[in-house]
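# Fold and contact review
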Amino acid sequence: MLNTTHRTTLAKLHVKPRKLCKLLPLLIVAMLQCSICACNIESDTKIIVTSNSTSPTFTLQGSGNLSRFVVYGPLIGEYASEEDRPVLWKMFPNSNGTSKSVSDLPPIKFAEVPSGWTQYTPKDGKPSPLVDGLTYRVVANVNSANSGYIDITVRDGKVLPIK
């Protein structure tokens, strides 16, 4: 049974139909805004081999900001973590540590450091060439979206993605 205090509280919570009609357009606008924002959700990073020679070119797609680009390998056996894999080639953006938008990047050619980037591994010179029959992992570490990777192998002088 409701006492007087409960009835008064419930009466205050009751919204009159006229007020509801005034609030309805505001609610509709708020729902539309939420659905528009949902359309701008981040997209995962994808790495595509666009030139399959032993000096391949990688095209990146996604909505994040690339903070480093790494080629691990050759990969032989299992590794406990990404840090345990041998690093063949690693580079970072050099504009005060600011990452680069994936959507603004030109294709990345293996062993060629793009303008505005600094090679970290190897310290000097170009990385060793990719070897026929071996497996490598190409990783694009990004901020504000999921990072991406692709495993590749070399067969008869052509770089192929491993599915």
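Scope of this entry: the structure provided in the associated data block. (Residues numbered from 1 in each chain as written. Predicted model: local features only at pLDDT ≥ 70, side-chain atom pairs only at ≥ 80, totals over all residues. Heavy atoms only, no water.)

In terms of helices and strands, the chain carries two helices and 10 strands. Taking all 163 residues of the chain together, the buried fraction comes to 30%. Counting only contacts in the chain whose residues sit at least 6 apart along the sequence, the fraction spanning at least 24 positions is 55%. (Helix = DSSP H or I, 4+ residues; strand = E, 2+ residues; numbered from the N terminus. Buried < 20%, exposed > 50% of the residue type's maximum accessible area, 1.4 Å probe, protein only. Contact = heavy atoms within 4.5 Å.)

What follows concerns the side chain of Arg137. With respect to the element layout, Arg137 can be found in strand E8 (residues 135-143). For Arg137, a relative accessible area of 16% puts it in the buried group. Within polar-contact distance, the side chain of Arg137 engages the side chain of Asp151 at 2.6 Å. Excluding residues that lie within four positions of it along the chain, Arg137 makes contacts with Val70, Val71, Tyr72, Leu75, Arg85, Tyr149, Ile150 and Asp151. (Polar contact = N/O pair within 3.5 Å; in protein donor to acceptor, adjacent residues only side chain to side chain.)

For the rest of this paragraph, the subject is the pattern of salt bridges. This model, assessed by the stated rule, comprises one salt bridge. Linking Arg137 and Asp151 is a salt bridge whose minimum nitrogen-to-oxygen distance equals 2.6 Å. Pair noted here: Arg137 is in strand E8 and Asp151 is in strand E9 (residues 148-155), with a separation of 14 residues, a long-range link. (Salt bridge = Lys/Arg side-chain N within 4 Å of Asp/Glu carboxyl O.)

Turning our attention to the nonpolar core. If you look at the biggest cluster of nonpolar residues, it comprises 26 residues, and the most contacted ones within it are Leu60, Leu66, Phe69 and Ile152. Within the residue set of this core, elements represented by two or more residues are strand E1 (46-51), strand E2 (57-61), strand E3 (65-75), strand E4 (87-93), E8 and E9. The biggest single contributor to this core is E8, with four residues. Setting aside residues no more than four positions away along its own chain, Phe69 makes contact with Phe58, Leu60, Trp89, Lys90, Met91, Ile108, Val138, Val139 and Ala140. (Core = buried A, V, L, I, M, F, W, Y, C linked by side-chain atoms within 4.5 Å.)

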